[in-house]
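Descriptive structure summary
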Amino acid sequence: MVSWMGLFRVWQRNFIVYRQNWKIRFLSPILEPLFYLLAFGLGLSTLVGYIRYGGIEVTYTAFIAPALIAINIMNNAFFENTYGSFVRMYYQKTFDAMMATPLTVNEIIAGEIVWGATKSTIATMIMMVVISVFGLIQYPAGLLLIPLSFLGGMAFGAVGMYFTAMTRHIDLFNLPFFLFITPMFLFSGTFFPVENLPEWARITAMLLPLTHLVGAARSLCFSQFDGMMLWQLGYMALFSLVFFPLALYKMRKRLIK
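Residues numbered from 1 in each chain as written. Predicted model: local features only at pLDDT ≥ 70, side-chain atom pairs only at ≥ 80, totals over all residues. Heavy atoms only, no water.

Focus on the overall build of the protein chain
- Of the regular secondary structure elements, the protein chain holds 10 helices and two strands.
- When the helices and strands of the protein chain are placed in sequence order, the string is α-α-β-β-α-α-α-α-α-α-α-α.
- Against the globule reference of 18 Å for 257 residues, the protein chain gives a C-alpha radius of gyration of 19 Å, in line with a compact fold.
- Projecting the C-alpha coordinates of the protein chain onto the three principal axes gives extents of approximately 60 × 40 × 35 Å.
- When burial is assessed residue by residue, the protein chain has 52% of its 257 residues classed as buried.
- Long-range contacts, defined as pairs at least 24 residues apart, comprise 79% of the intrachain contacts of the protein chain with a sequence gap of at least 6.
- Accessible area for the protein chain stands at about 12,400 Å²; split by element, carbon and sulfur atoms hold 70% of it. (Helix = DSSP H or I, 4+ residues; strand = E, 2+ residues; numbered from the N terminus. Rg over C-alpha atoms; globule rule 2.2 N^0.38 Å. Buried < 20%, exposed > 50% of the residue type's maximum accessible area, 1.4 Å probe, protein only. Contact = heavy atoms within 4.5 Å. Areas by Shrake-Rupley, 256 points an atom, 1.4 Å probe, with all protein chains shown as cover.)

As for the packing of helix α5 (residues 105-133) against helix α6 (residues 145-166)
- Across the interface, α5 lies against α6 with an axial gap of 7 Å and an inter-helix angle of 140°. Put simply, α5 runs oblique to α6. Handedness of the α5/α6 crossing: right-handed. Contacts between α5 and α6 involve Ile109, Glu112, Ile113, Val114, Ala117, Thr118, Ser120, Thr121, Thr124, Met125 and Met128 from the first element and Leu145, Ile146, Ser149, Phe150, Gly153, Met154, Gly157, Ala158 and Met161 from the second. (Axes fitted to C-alpha atoms, helices over the stretch in contact; angles between N-to-C directions. Parallel < 35°, antiparallel > 145°, perpendicular 65-115°, else oblique. Left-handed = near helix turned anticlockwise from the far one by under 90°.)

A word on the side chain of Asn81
- Position of Asn81 among the secondary structure elements: in helix α3 (residues 60-91).
- A relative accessible area of 0% means that Asn81 is categorised as buried.
- Excluding residues within four positions of it along the chain, Asn81 makes contact with Glu112, Ile113, Gly116, Gly157, Gly160, Met161 and Thr164.

So, the pairing of strand β2 (residues 56-59)
- Examined bridge by bridge, strand β1 (residues 50-53) and β2 share four bridges and lie antiparallel to one another. Bridged to Ile51 within β2 is Val58.
- Between β1 and β2, which pair antiparallel in sequence order, lie two residues; one of them, Gly54, sits at a positive phi of approximately 60°. (Pairing = 2+ DSSP bridges.)

Quick notes on the pattern of salt bridges
- Scanning the model with the defined rule gives three salt bridges in all.
- In this structure, Arg88 engages Glu80 in a salt bridge whose closest nitrogen and oxygen atoms are separated by 2.8 Å.
- The buried category is assigned to Arg88, whose relative accessible area is 9%.
- The exposure class of Glu80 is buried, given its relative accessible area of 9%.
- With its nearest N and O atoms 2.8 Å apart, the salt bridge here joins Glu112 to Arg88. Of this pair, Glu112 sits in helix α5 while Arg88 sits in helix α3, placing them 24 residues apart in sequence. (Salt bridge = Lys/Arg side-chain N within 4 Å of Asp/Glu carboxyl O.)

A few points about the packing of aromatic side chains
- Under the defined criterion, the tally for this structure stands at 27 aromatic pairs.
- For the pair Tyr83 and Phe177, a centre-to-centre distance of 5.4 Å together with 15° between the ring planes defines the contact as stacked. Of the two residues, Tyr83 is situated in helix α3 and Phe177 in helix α7 (residues 174-187); the sequence distance between them amounts to 94 residues.
- Under the relative-accessibility criterion, Tyr83 is labelled partly exposed at 27%.
- Against the face of Tyr90 rests Lys93, its NZ or CZ located 5.4 Å from the ring centre. (Phe/Tyr/Trp six-rings, centres within 6.5 Å; stacked < 30°, edge-to-face > 60°. Lys NZ or Arg CZ within 6 Å of the ring centre and 35° of its normal.)

Regarding the environment of Val105
- Tracing the chain through its elements places Val105 in helix α5.
- Along the primary structure Val105 and Glu80 are separated by 25 residues, whereas in three dimensions their C-alpha atoms are 18 Å apart.
- What Val105 contacts, discounting residues up to four positions off in sequence, is Met99, Met251, Arg252, Leu255 and Ile256.

So, the layout of surface pockets
- Empty space within the largest pocket amounts to approximately 380 Å³.
- Taken together, 19 residues line the largest pocket, and the ones lying closest to its centre are Tyr53, Glu195, Gly215, Met228 and Gln232.
- For the lining of the largest pocket, the secondary-structure elements that each account for two or more residues are α9 (209-221) and α10 (227-255).
- Residue contributions to the lining of the largest pocket peak at six residues, all from α9.
- Taken together, the residues of the lining of the largest pocket sort by class into seven nonpolar, nine polar and three charged.
- Roughly 250 Å³ of volume is contained in the second largest pocket.
- Around the second largest pocket, the lining comprises 14 residues; the ones closest to its centre are Arg25, Ser28, Pro29, Asn76 and Lys119.
- When contributions to the lining of the second largest pocket are tallied by element, the ones reaching two or more residues are α2 (22-48), α3 and α5.
- The element that contributes the greatest number of residues to the lining of the second largest pocket is α3, accounting for five residues.
- A per-class count over the lining of the second largest pocket returns six nonpolar, four polar and four charged. (1 Å grid on protein atoms, 1.4 Å probe; cavity = no way out; pocket = protein on both sides within 12 Å on 5 of 7 lines; lining within 4 Å. Points joined across faces, edges and corners; volume = space filled by probe spheres on them. Nonpolar A, V, L, I, M, F, W, Y, C, P; charged D, E, K, R; others polar.)

As structure tokens, then:
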């Protein structure tokens, strides 16, 4: 069982630590989209021109802007619940200290995953401010990127925690990053449409959660609401519902011996 109060206490602890270095943590979501948009907008966009997406023609800069938000969501949650959670569990012994309190293992792990999703949401709101300066988000539909970032953060946070439960040494995180995160970064419709891929690659891409997160983010940035977006949101929700209990189960086995 997971109580909301127990989950909140774990979340609160991480939030207090986060506030101590908030100025440094704000730099990445501010500078990253700025560098990408300047590089692609001033460089590659002039070569690519316009891309047809969802029945409309958009500039290449507008095409990749929602993908940058989706990548940011994935990276913040996944990094937090792999490296961040592993350091707290293995090196800092924070999990041991919390387990000495009335908190249960499930509450600790659930709080960690929710915190990872919260970091994704905070970073997304900062990125939205930067990207909006370039006029690349249509409002008010764009405001729905905030709850989308939490949903995506829960999905990638849960799968990140699942990998953490199976990782015995911090260096081994290179495997999920190179074999799971990097392929999604490149082939999930981030920098070119999935439709441009061969059929086998398109099918593979549709199994990747980032593909659906990118698609939903583009729909919101372009104010396009259709059945495909509902499918994409449903896939992200299903991904979360599968990996959240799996992460709890695997971490419980690891921590309780």
